[in-house]
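# Structural description and commentary
Given next are the chains, with one letter for each unit.
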Amino acid sequence: MNLTQATPTAPVRVPANYAVTKRLGNWTTARRFQVRAHRGHAVLDLRSPQIPAGVIEVEADLDHATLKLLVAAD
């Protein structure tokens, strides 16, 4: 399994420019994300048990774009 990880200071970058970008399932163990979307759609699945408990930071720079966050019910 190849998980995308970020260093403690660098967030995982998710571009979605003129495209649909989906990160689903157990795709990361990071808790910091930077989403940049211009006329696109991004979907981030944050329900993975591989992501440590605690605060999750999402920085979003959206221009005529949609960001959907999938989170656990609790």
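Presented here is an overview of the structure given in this document.

Here is what the cut-offs are and how they apply
Residues numbered from 1 in each chain as written. Predicted model: local features only at pLDDT ≥ 70, side-chain atom pairs only at ≥ 80, totals over all residues. Heavy atoms only, no water. Helix = DSSP H or I, 4+ residues; strand = E, 2+ residues; numbered from the N terminus. Buried < 20%, exposed > 50% of the residue type's maximum accessible area, 1.4 Å probe, protein only.

### Re unusual backbone geometry
Despite not being glycine, tyrosine 18 has its phi angle at roughly 55°, a positive value. Its place among the elements puts tyrosine 18 in the loop between β1 (12-17) and β2 (20-23). A positive phi is found at histidine 64, a non-glycine position, where the angle reads about 50°. Locating histidine 64 in the fold gives a position in the loop between β5 (57-63) and β6 (66-70). A relative accessible area of 60% means that histidine 64 is categorised as exposed.

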